[in-house]
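# Understanding the architecture of this molecule
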Amino acid sequence: MDVFSGQQHEKRVSLVTGGAGFLGSHLTDRLLAEGHRVIAVDNLLTGSMRNVEHLAGNEDYRFIKHDVTDFLFVPGAIDFIFHFASPASPIDYLEYPIPTLKVGGLGTHNALGLAKEKGATFLLASTSEVYGDPLVHPQKEDYWGNVNPIGPRGVYDEAKRYAEAMTMAYHRFHRIDTKIVRIFNTYGPRMRLDDGRVVPAFIGQALRGDDLTVFGDGSQTRSFCYVADLVEGIYRLSQSETHDPVNIGNPKEMTIKQFAEKILARIETKSKIDYKPLPVDDPQVRQPDIERARELLGWEPKVDFEEGIEKTIEYFRNFLGLKS
Ligand code: NAD
Ligand code: UDP
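As a starting point, this report considers the structure included with it. Every value quoted in this text rests on a predicted model; they were computed, and no experiment measured them.

### Here's the deal with the site of ligand 1
Around ligand 1 sit 29 residues, and of these L23, D42, T46, Y156 and K160 come closest. One nitrogen or oxygen atom from the main chain of F84 is found 3.0 Å from an oxygen atom belonging to ligand 1. R197 is positioned such that a nitrogen or oxygen atom in its side chain is 3.0 Å from a nitrogen atom of ligand 1. Contact with the protein chains removes 96% of the 820 Å² of surface that ligand 1 exposes when unbound.

### Quick word on the site of ligand 2
Taken together, 18 residues surround ligand 2, and among them T213, F215, R222, D282 and R286 come closest. Here an oxygen atom of ligand 2 and a side-chain polar atom of R153 are 3.1 Å apart. Contact distances for ligand 2 include 2.7 Å between an oxygen atom and a backbone N or O atom of F215. In isolation ligand 2 offers 510 Å² of accessible surface; the protein chains occlude 94% of this area. Those elements that place two or more of their residues in the shell around ligand 2 are α5 (198-208) and β8 (212-215). Residues of the shell around ligand 2, tallied by class, amount to eight nonpolar, four polar and six charged.

### Thoughts on the environment of C225
Looking at where C225 falls in the secondary structure, it is placed in strand β10 (residues 225-226). Residue C225 is classed as buried on the basis of its relative accessible area of 0%. With 80 residues separating them along the chain, C225 and F305 place their C-alpha atoms 7.9 Å apart. Excluding its chain neighbours within four sequence positions, the residues that come into contact with C225 are N185, T186, Y187, L230, G249 and N250.

### Regarding the pairing of strand β6 (residues 178-183)
Counting buried positions over the six residues of β6 gives six, a clear majority of the element. Summarising the sheet, strand β5 (residues 121-127) and β6 pair through six bridges and their orientation is parallel. Residue pairing in the sheet places L123 in a bridge with K179 of β6. In the classification by handedness, the crossover that spans β5, the intervening helix α4 (residues 154-174) and the parallel β6 is right-handed. Pairing of β6 with strand β11 (residues 246-248), which is carried by three bridges, proceeds in the parallel orientation. Paired with R182 across the strands is N247, a residue of β11.

### Looking at unusual backbone geometry
For the peptide bond that leads from H137 to P138, omega is -10°, which places it in the cis range. Examined against the element boundaries, P138 turns out to sit in the loop between β5 and α4. The backbone phi angle of L44 is positive, close to 60°, even though this residue is not glycine. Using a relative accessible area of 26% as the deciding quantity, one classes L44 as partly exposed.

### Thoughts on the sheet that holds β11
Pairing between sheet strands relies on hydrogen bonds along the backbone, with the strands arranged either parallel or antiparallel. As summarised here, the arrangement of the seven strands in space is β3-β2-β1-β4-β5-β6-β11, forming an open sheet in which the pairing is parallel. Both edges of this open sheet fall to β3 (61-65) and β11, since each of them pairs with a single strand only. Pairwise comparison of adjacent strand axes, ignoring direction, gives a mean angle of 20° for this sheet. Pairing geometry for strand β4 (residues 80-83) and β5, over four bridges, is parallel.

### Here we look at the environment of L124
Within the secondary structure layout, L124 lies in strand β5. Look at L124 and you get buried, because its relative accessible area is 1%. Once the C-alpha coordinates of L124 and I234 are considered, the two residues, 110 residues apart in sequence, prove to be 10.0 Å apart. Ignoring anything within four residues of it in the chain, the contact list for L124 reads H83, T108, A163, E164, T167, K179, I180 and V181.

### Focus: the packing of aromatic side chains
One pass over the full model with this rule turns up 12 aromatic pairs. Judged by centre distance (5.2 Å) and plane angle (70°), the rings of Y315 and F316 are edge-to-face. Taken as a pair, Y315 and F316 share a single burial class, namely buried. Taking 6.1 Å as the distance between ring centres and 35° as the angle between the ring planes, the aromatic pair formed by Y315 and F319 counts as tilted. With Y315 and F319 both in helix α9 (residues 305-319) and four residues apart, the pair spans about one turn of that helix.

### Points about the pairing of β4
Both faces of β4 are covered, namely the face carrying F80 and F82 and the face carrying I81 and H83. Where strand β1 (residues 13-17) meets β4, four bridges bridge the pair, whose relative direction is parallel. Counted as the bridge partner of L15 is I81 from β4.

Scoring rules and cut-offs
Residues numbered from 1 in each chain as written. Chains lettered and ligands numbered in written order. Predicted model: local features only at pLDDT ≥ 70, side-chain atom pairs only at ≥ 80, totals over all residues. Heavy atoms only, no water. Near = heavy atom within 4 Å. Polar contact = N/O pair within 3.5 Å; in protein donor to acceptor, adjacent residues only side chain to side chain. Areas by Shrake-Rupley, 256 points an atom, 1.4 Å probe, with all protein chains shown as cover. Helix = DSSP H or I, 4+ residues; strand = E, 2+ residues; numbered from the N terminus. Nonpolar A, V, L, I, M, F, W, Y, C, P; charged D, E, K, R; others polar. Buried < 20%, exposed > 50% of the residue type's maximum accessible area, 1.4 Å probe, protein only. Contact = heavy atoms within 4.5 Å. Pairing = 2+ DSSP bridges. Right-handed = clockwise from strand over helix to strand, strands pointing away. Axes fitted to C-alpha atoms, helices over the stretch in contact; angles between N-to-C directions. Phe/Tyr/Trp six-rings, centres within 6.5 Å; stacked < 30°, edge-to-face > 60°.

Okay, structure coming up:
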């Protein structure tokens, strides 16, 4: 038996955990466009079927509702496993601290076990959070990071660090073909309006006329990458021979206050800035060094901030039923 029973297997088959999420659904679209068959596995903890409703009836697509912290088996051939399942926004992983640790630990182990069973290439969605509140700037892949294991963000950061260690152990011990992408703040359509991340938070607040909640004095920095650029980098990494982690992100850095001002300048609104306390262990700076991606994958971001943010604002306008 086979998930795509009755169909011939001239096409490559990819399994995407977290396939109903923001990134997993965009990656699925790309893989289908590349001619893959895609099996999405998601327990809908933070994702939504709305992100994949356009795929209903696509004969190259299957959705399996399943928690990947439980034993994971899928019949038939699988060529690639993209392990994207995990709460990803600070308010999500603070609400689900133990599921976050479990999906990074047990979920990664199960996904790697399936990759071993199928002889599949495995790609882990890791994060710039492995660098914690970095003491090196910008962050290069050989920096080991500055993470507080017992702070509130530790559930996410340490789960991802464990997931990286497990991935490298499967590569070294079981000789699995593995890749690790360290994703820096990525934004775009299909983010959840209420997931608390700064991009949907500020756009949603501005569209509703609420004040923008800048945490701290807004001097902390982030570097925002548009989702299409990220997916391009991940696809290239999946086809590469690279086993070491690769940063994928847009190096264009700005302070959170500057980001708030850019949103206020783009959306006609009565909103102003409202300063709120800085969350515990909020990283002060974050910017990817992307030399490795440039060199090994020939990748660099192409979508500038103005273009990406406009598309994202448009998505949230439609989502809220507002006119352009
Ligand atoms: P998201 O919340 O939209 O997607 C995560 C998906 O995983 C959701 O659909 C959720 O339901 C699913 N999921 C969670 N636990 C699961 C479990 N136990 N079993 C099955 N499915 C489960 O978040 P996202 O932004 O799309 O993030 C996707 C991945 O990329 C995550 O692993 C995240 O850590 C990583 N990442 C994202 C960013 C970013 O900026 N978006 C940055 C760094 C890393
Ligand atoms: N932030 C903010 N107001 C908000 C949400 C976030 O000022 O309503 C800040 C947050 O403190 C952090 C930055 O924006 O410094 C990015 O936060 P996000 O949750 O998007 O991702 P992080 O990079 O912290 O994982």
